[in-house]
Amino acid sequence: MKTLSKYSLAACLGFAVLAACKDLDVPNLNSPDLGDFQNNPTRSQVLSVATGLLLGTRTGIAPQNGYVSLLGIVGRESYNFDPADPRFVTEMLLGPLDGGSPAFGGNLWANPYRNIRSANLELAALEKVPLVNDAEKESMRGFTQTIQALDYLKIISTRDSNGAPIPTSIDPLAPPAPVASRDSVYAHIVRLLDSAAKHLDSATTLTGGAFAFPFALSPGFDGFTSTASFRKANRALMARVQAYKGSFGCAACWDSALTALSGSFIAPSGDLNLGVYYSYATLSGDEVNALFDPNARAILTHPSIVADAQLQAGGAKDDRVVRKVATLSAPKTAQGLSSQYQFVIYGSNIAPIPIIRNEELILLRAEANIGKGGVADLAAAVADLDTIRVRSGKLPLYSGAVTQAALLDELLYNRRYSLMFEGGHRWIDARRYGRLGTLPQDATTTATAKRFTKFPFPAFECDPRSPAPLGCGTQVGF
Amino acid sequence: MDRRLLQRFGFFEMSNEFGSRTFADATEAIAAYAPAPKDSETAKLVNSICNLPGGACPTYNLEEQLASEKPLSYETALSISGGTDNTQYFASATAKDDGGIIANTGFKRQAVRLNLDQRLGSRVRATLNTNYTHTVAQRGLTNNDNTGTSFYVVLSATPSFVNLGKLPGDTFALNPFVPSNPVQTAALMKNDEDVWRFIGSLNAQWDAVQAGSHYLRFIATGGLDQFSQQNSLFFPPELQFEPNDGEPGTSLLTNSDNLNFNVNASAVHTYTPSSNAFSATTSIGLQHAHRELNVARITSRNLTAGQEIVSAGTNIQITEERSEIKDLGFFAQEEFLADQQRLLLTAGIRADQSSLNADATKLYYFPKASGAYRFRNPTSWIDELKVRGAYGESGNEPLYGQKFTGLRITGKVGGVAGTVAGDTTGAKDLRPERDREFEGGIDATLWGSRANLEFTVYQKNVSDLLLPRQLAPSGGVNFEIVNGGNLRTRGVEAALGLVPLQKSDLTWLFRTTFSLNRSLITELPLSSFIAGGFGASIGEFRIEQGASPTQMVGNDTLTTADIASGQYPGHAVGDIVVRKIGDANPDFRMSFTNDITYGRLSLHFLLDWQHGSDILNLTRLLYDFGQVTPDYANPIPGKTETVGEHRLAGFQVVSKNYVESATFLKLREVTLTYDLPATFMHSLWSGARYGRLSVSGRNLLTSSPYTGLDPEVSNFGNQAVARNIDVAPFPPSRSFWFSVELGF
């Protein structure tokens, strides 16, 4: 009948459209899928993720509220007078450091942990990936674990006695790992660095000699791109970690530091700037070095750096101040603080930031010898300190007492000026030698600045944990 | 054929100023800006500016230097409509140019529209609607920044004795307090959003069967929304702030292409028995929608020779983002109308599947039902009373990309490309939210159509909320998008229309609306999380169980009363806790519209009233830090602190110092119209049907205790939750218009 056929015509049309449109799947058009990488990693993916570890470890270092700048403020190396955010003074100097401030007290946490997970994903993928031979795999394991150790070191340097969790699962939905003590984290870092060195050695053995990593490294690693040369960078980091442990009271660690240094790229007569660096570029997708602030819009040098400098023979200040600090035409002020100095360490927005350099290695050797404290050790320390005084500071030779206490003062002075505004060294050194109380308490319009021993855990880390671990909330200064 | 021409002219002007502290003399200025004896440079600067007799400081109105344009604006609209029994058409063309109160800001629109309605044979009818629009919005530079460039951010740190105006020779003074001059920025910058958009739809209806009791029709509709948007921003190297990043000159170019396309096919059958006792309409159909959006952004810095093209930069960053969405839905509905069209019952169901869900093949079902009954003349003063009730379910889809866990492959380190893991992941069973709403109400026409009343009460429960579950960052991933939790909203809406006066030459129509709603997160399966804002120390929005979703929380200091209440065990007076400091949801909103006609004159005015709601006034915080709030130096009786110092002392510990009420009463529009007499119109031109002259004003008055520029403000734009944060917004404006309307 006429009516029925019209009904069936409509129904047929409907079902036809239905059948045609049943395929509604739309893939991710903007990035590859993590599941694919975890289940079927390809050679090009594992190589790219290895390079990506350098990208991830660099995140959060150079921003004006990043690792160098925030640790510089609490260590009285720098100020940040950004007019758009008064918290650079009110939170970072007056305090308390607030775990609920993701850009300040709760900062310097998520980025290194993201890279730690990337490293764990890479290690898991290396077990499965085809078309990568065993030597290459061993070399990449060595590289990955070294970068992972560097990330843990940055985390524990900010949180110190609060400790930090050591995640074991790559499943982000697993319950968060318990918070490990500071000493456990340092033990983990040592384990990672030693395991990495073993993998690098195994790679060299498998091919009968050192070879270049199969993946690209950033320009900051030029000269350290083979299994043998990169191992020296690994040992350099180990030396720093052992020296830190020595300053916590581990007497045997001083010798471990010296052993590590002998395997590193230390060279008292070599280029002091030899080392590995975070790299920056203005290419699309890259990051620029925001510590380059040519008009001192926000970043200023703390005046005590100029005031406390020793003098060269001719009367000029320590050459490290002359080289790294410039005087502005007029002082900049904010909330009652004032400074007429800016850093000129980073000469452009693509200037690299050091991870670890020869100059620090020489100072670490001096520190280890001071820690050991024997007569010959202290003499060796004086020799290394003089190397730095003369070559870097253009200062006269050390003429003070050759005692552990006096040399420690001289060491900390040289570490302060040699490693100025590179990685929060002054704050870390002042804390580990119990000298935070010597940092100045600048007066602002509302209060006086406090000294902080550590950053709190970010609120995001605390909210999913029950009960909230110690170290959550705010960190009051003294 | 009807033709209509509308031409209006007008202008805009700034309607509210934030104000700035007046400095009496150099002593006051030096005490504020150069207190330390070693800061002689700033003291010298102040003395060189505050050099009027007696060391007095000049006072400039910096907001007026920035926003005192009164640009001439216009709107022209022409429309034609007409047709025959078989063909009807409507065509219109409009052009509009709204000037902006700040240099190089404003809005222009040109649009053409064509609607066609055509009978094709006795049974088929087709309708075509097309609309093509071109808009250019010049947006200026406002709201939060961390670079010292946004207009009011700079004003918050610049005292009123600094002259930022234009100097002879077409140059601008350098701002000695902040390396940025907003008057210069506005004059030299460009921030244009240029959109070309086509919206069209084609609808065809075939009356297949129209015999006796049966009426069967098939309807097909197709719709298309396509737009291309180009955002071009240019900041030439001459701007005072440009050299601060070492890369003078910045140019940004963003191109977006969007295509939304849908087709619906349905069959509708109405059965009306010969007794006409009832009519039953059954509809079934299906719908397919496809959406595609492609956005490419180029940011170019360090422009060679200060050229605007993005290839002139040495630091060029490119990003591209794509999305594609496919939806398919089926629906069926039954509608039953009976009792001489007094009773209406409907019931229906919809089934939807979408590529946005984790399982793109799964259908989600959403039923609905409603009933209404009309009482005719139940009492002498009620003409008609309709009682209605409805229940319906709908779903809110996840956003494109939320279900994916990806790797980021666009990053580089020192020029070398690398892959990093992403920091969000989507639940394996990501699905739409489910919104269940009950509503009931009455509609009444009273007193011989002299009044009508609508009243509705509703409750909405949204379950399976799409939530960003904040994961512990030590796991390496920050967010997982999951479904969970329950949000309940209850509200009341009412509208009353009255004709208080109805005489032969004077009528007054009055209409008022009222709305009130309260929402509560009744269930949250994860820990509370932050939904917007800058941090607990300043004020942020937090989603937590048992609280309003629009609550503002922030640091607060416990007082003796707090400890005495027993709600803070383990705490002492002076401890800082994070707790509720306000709520962005208003207590209620009302509007009042009045239309008074007296002979040829008619007057229309609209009042808008909001009661309650809180705003986080961070503009005032920035002004306090710059010590330029108008009341900063006002003394507090019995204290050494000034008003501004007292507020600032609470920074980060008493965040409610900067929370203010957003209650306002706004006179949104007043229009006075004069209808020209027909004889006069015909004497001018025989073809004229009618003519109207009118004058009107918009956003004329705002009455509010709020100290900021405008209580309707949102730094983060159009947000469901995180609104009402005020950081250096665009200043508000009012406009005045004169219009001529002709029908011919």
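In case you missed it, the structure is sitting above this.
Remember, it's a predicted structure, so these values are computed and weren't measured experimentally.

Chemist: Before we move on, could you go through the overall build of chain B and cite the residues and values that matter?
Modeler: Counting its secondary structure elements, chain B contains nine helices and 34 strands. Principal axes of the C-alpha set define a box for chain B whose edges measure 100 × 75 × 60 Å. The 744 residues of chain B split such that 46% are buried. Placing the 63 positive and 76 negative side-chain charges of chain B at their respective mean positions leaves the two points 6 Å apart.

Chemist: Account for helix H8 (residues 182-207) of chain A, with residues named and values stated.
Modeler: All names here are of chain A. Taking 1.5 Å per residue, 26 residues should reach 38 Å; H8 reaches 38 Å between its end C-alpha atoms and fits that length. When H8 is considered as a whole, its buried residues turn out to be Val185, Tyr186, His188, Ile189, Val190, Leu192, Leu193, Ala196, Ala197, His199, Leu200 and Ala203. After H8 finishes, the residue Gly208 shows a positive phi value of roughly 75°.

Chemist: How would you explain the sheet that holds strand E33 (residues 725-726) of chain B if you had to name every residue and give the values?
Modeler: Residue and element names in this part refer to chain B. In spatial order, the strands read E30-E29-E33; together these three strands make up an open sheet with mixed pairing. The open sheet has two edge strands, strand E30 (659-661) and E33, and neither has a second partner. Sheet analysis places strand E29 (residues 614-617) next to E33, joined by two bridges and oriented parallel. In the strand pairing of E33, Asn617 is matched with Asp726. Across the sheet, helix H7 (residues 618-625) touches E29, E30 and E33, and the angle it forms with E29 is around 30°.

Chemist: Account for a nonpolar patch on the surface, with residues named and values stated.
Modeler: Residues and elements named next belong to chain B. Together, Tyr598, Leu601, Leu672, Tyr674, Val695, Phe738 and Val740 give the surface a local cluster of nonpolar side chains, amounting to about 590 Å² of exposed area. Put simply, the parts of the chain that give the nonpolar patch at least two residues each are strand E31 (664-676) and strand E34 (733-743). Here Leu672 lies in strand E31.

Chemist: Describe the environment of B:Phe227, with residues and values.
Modeler: Following the sequence through the fold, B:Phe227 ends up in strand E9 (residues 214-235). Contacts of B:Phe227, omitting those with residues within four sequence positions, involve B:Val195, B:Trp196, B:Arg197, B:Ser256, B:Asp257 and B:Asn258.

Chemist: Break down the sheet that holds strand E23 (residues 529-533) of chain B for me, citing the residues and quoting the values.
Modeler: All names here are of chain B. Here we have four strands laid out as an open sheet, ordered E23-E24-E25-E26, and antiparallel in their pairing. The sheet is open, and its two edges are formed by E23 and strand E26 (576-583), each paired on a single side. For this sheet, the mean inter-axis angle between neighbouring strands, taken without regard to orientation, is 45°. One ladder, built from seven bridges, connects strand E25 (residues 551-557) with E26; its direction is antiparallel. Residue pairing for E26: Gln551 is matched across the bridge by Asp583.

Chemist: Requested: an account of the state of the cysteines, with residues and values cited.
Modeler: Residues and elements named next belong to chain A. Tallying each qualifying case throughout the model produces three disulfides over all chains. Each sulfur in the disulfide pair Cys462 and Cys472 lies 2.0 Å from the other. Because the sign of the S-S torsion sets the handedness, a value of about -100° for the bond joining Cys462 and Cys472 places this disulfide among the left-handed ones. Pair noted here: Cys462 is in helix H17 (residues 459-462) and Cys472 is in the loop between H17 and strand E10 (474-475), with a separation of 10 residues, a long-range link. On the accessibility criterion, Cys462 (9% relative accessible area) is buried. Described in terms of the sequence order of its bonded cysteines, the disulfide pattern of chain A is 1-2, 3-4.

Chemist: Please set out the interface of chain A and chain B residue by residue, giving values where relevant.
Modeler: Contacts between the two partners involve 83 residues from chain A, matched on the other side by 86 residues from chain B. Roughly 7,100 Å² is buried in total at the junction of chain A and chain B, and carbon and sulfur atoms are behind 60% of that figure. Taken together, the links from chain A to chain B amount to one salt bridge. Joining chain A to chain B, the criterion identifies 25 residue pairs in polar contact (both at pLDDT 80 or more). Broken down by secondary-structure element, the contributors of at least two residues to the side of chain A that touches chain B are helix H1 (2-20), helix H2 (34-39), helix H3 (43-58), helix H5 (87-94), helix H6 (110-128), strand E7 (325-334) and H17 of chain A. Among the elements that make up the side of chain A that touches chain B, the one with the highest residue count is H3(A) (eight residues). Class assignment for the residues of the side of chain A that touches chain B results in 40 nonpolar, 23 polar and 20 charged.

Chemist: Before we move on, could you go through the packing of helix H1 (residues 26-33) of chain B against helix H2 (residues 40-49) of chain B and cite the residues and values that matter?
Modeler: All names here are of chain B. Closest axis-to-axis distance for the H1/H2 pair is 9 Å, and the angle between their directions is 150°. Considered as vectors, H1 and H2 are oriented roughly antiparallel to each other. H1 and H2 meet at a crossing whose hand is right-handed. The residues of H2 that touch H1, namely those facing Ala26, Ala29, Ile30 and Tyr33, are Thr42, Ala43, Val46 and Asn47. Looking at the contact of H1 with H2 residue by residue, the class counts come to six nonpolar, two polar and no charged.

Chemist: Pulling in residues and values, what's your account of the nonpolar core?
Modeler: Membership of the largest hydrophobic core comes to 135 residues, with the highest contact counts inside it found for A:Phe143, A:Ile189 and A:Ile353. A:Ile353 has contacts with A:Ile61, A:Ala62, A:Val68, A:Tyr277, A:Tyr278, A:Tyr280, A:Asn289, A:Leu291, A:Tyr346 and A:Glu422, leaving out every residue within four places of it along the chain. Core analysis: the next-biggest nonpolar cluster, separate from the first, contains 71 residues, B:Phe12, B:Ile101, B:Leu616 and B:Phe651 among them.

Chemist: Quick one: what's the story with the packing of aromatic side chains, residue by residue and with numbers?
Modeler: By the definition in use, this model includes 39 aromatic pairs over all chains. Geometrically, the ring pair formed by B:Tyr132 and B:Trp196 is tilted, given 5.9 Å between the ring centres and 35° between the ring planes. Taken together, the positions of B:Tyr132 in strand E5 (residues 124-138) and B:Trp196 in strand E8 (residues 190-211) put the pair 64 residues apart, joining distant regions of the chain. The exposure class of B:Trp196 is partly exposed, given its relative accessible area of 41%. When the ring of B:Tyr373 is compared with that of B:Phe375, the centres are 5.1 Å apart and the planes differ by 65°; the resulting orientation is edge-to-face. Connected via pairs of aromatic rings, a cluster forms that spans A:Phe143, A:Phe213, A:Phe215, A:Phe221 and A:Phe230. The ring of A:Trp427 has A:Arg431 sitting right over it, with the charged end atom 4.5 Å from the ring centre.

Chemist: How would you explain the pattern of salt bridges if you had to name every residue and give the values?
Modeler: Taken as a whole, this structure holds 76 salt bridges over all chains when the rule is applied. Of the charged contacts in the structure, one is a salt bridge between A:Arg240 and A:Glu360, with a shortest N-O distance of 2.7 Å. With A:Arg240 in helix H9 (residues 227-247) and A:Glu360 in helix H13 (residues 358-372), this residue pair connects regions lying 120 residues apart in the sequence. A:Arg240 sits in the buried class, given a relative accessible area of 7%. A salt bridge links B:Asp675 to B:Arg692, with the nearest nitrogen and oxygen atoms 3.1 Å apart. With B:Asp675 in strand E31 and B:Arg692 in strand E32 (residues 690-703), this residue pair connects regions lying 17 residues apart in the sequence. Using a relative accessible area of 29% as the deciding quantity, one classes B:Asp675 as partly exposed. On the basis of relative accessibility, which here comes to 29%, the residue B:Arg692 falls in the partly exposed class. Several salt bridges converge on common partners, so that one network encompasses A:Arg240, A:Glu360, A:Glu367, A:Arg415, A:Asp429 and A:Arg432.

Chemist: I'd like a rundown of the pairing of E32(B), residues and numbers included.
Modeler: Residue and element names in this part refer to chain B. As paired strands, E31 and E32 are joined by 11 bridges and run antiparallel to one another. Directly across from Lys666, in E32, lies its bridge partner Thr702. Pairing of E32 with E34, which is carried by nine bridges, proceeds in the antiparallel orientation. Of the residues in E34, the one forming a bridge with Gly691 is Leu742.

Calculation rules
- Residues numbered from 1 in each chain as written.
- Chains lettered and ligands numbered in written order.
- Predicted model: local features only at pLDDT ≥ 70, side-chain atom pairs only at ≥ 80, totals over all residues.
- Heavy atoms only, no water.
- Helix = DSSP H or I, 4+ residues; strand = E, 2+ residues; numbered from the N terminus.
- Buried < 20%, exposed > 50% of the residue type's maximum accessible area, 1.4 Å probe, protein only.
- Lys, Arg positive; Asp, Glu negative; His and termini not counted.
- Charge placed at Lys NZ, Arg CZ, Asp CG, Glu CD.
- Expected span 1.5 Å × (residues − 1).
- Pairing = 2+ DSSP bridges.
- Contact = heavy atoms within 4.5 Å.
- Axes fitted to C-alpha atoms, helices over the stretch in contact; angles between N-to-C directions.
- Patch = residues over 30% accessible without salt bridge, like charges linked within 9 Å, V, L, I, M, F, W, Y side chains within 5 Å.
- Areas by Shrake-Rupley, 256 points an atom, 1.4 Å probe, with all protein chains shown as cover.
- Salt bridge = Lys/Arg side-chain N within 4 Å of Asp/Glu carboxyl O.
- Disulfide = S-S within 2.5 Å.
- Buried area = accessible area lost by both parts, 1.4 Å probe.
- Polar contact = N/O pair within 3.5 Å; in protein donor to acceptor, adjacent residues only side chain to side chain.
- Nonpolar A, V, L, I, M, F, W, Y, C, P; charged D, E, K, R; others polar.
- Parallel < 35°, antiparallel > 145°, perpendicular 65-115°, else oblique.
- Left-handed = near helix turned anticlockwise from the far one by under 90°.
- Core = buried A, V, L, I, M, F, W, Y, C linked by side-chain atoms within 4.5 Å.
- Phe/Tyr/Trp six-rings, centres within 6.5 Å; stacked < 30°, edge-to-face > 60°.
- Lys NZ or Arg CZ within 6 Å of the ring centre and 35° of its normal.

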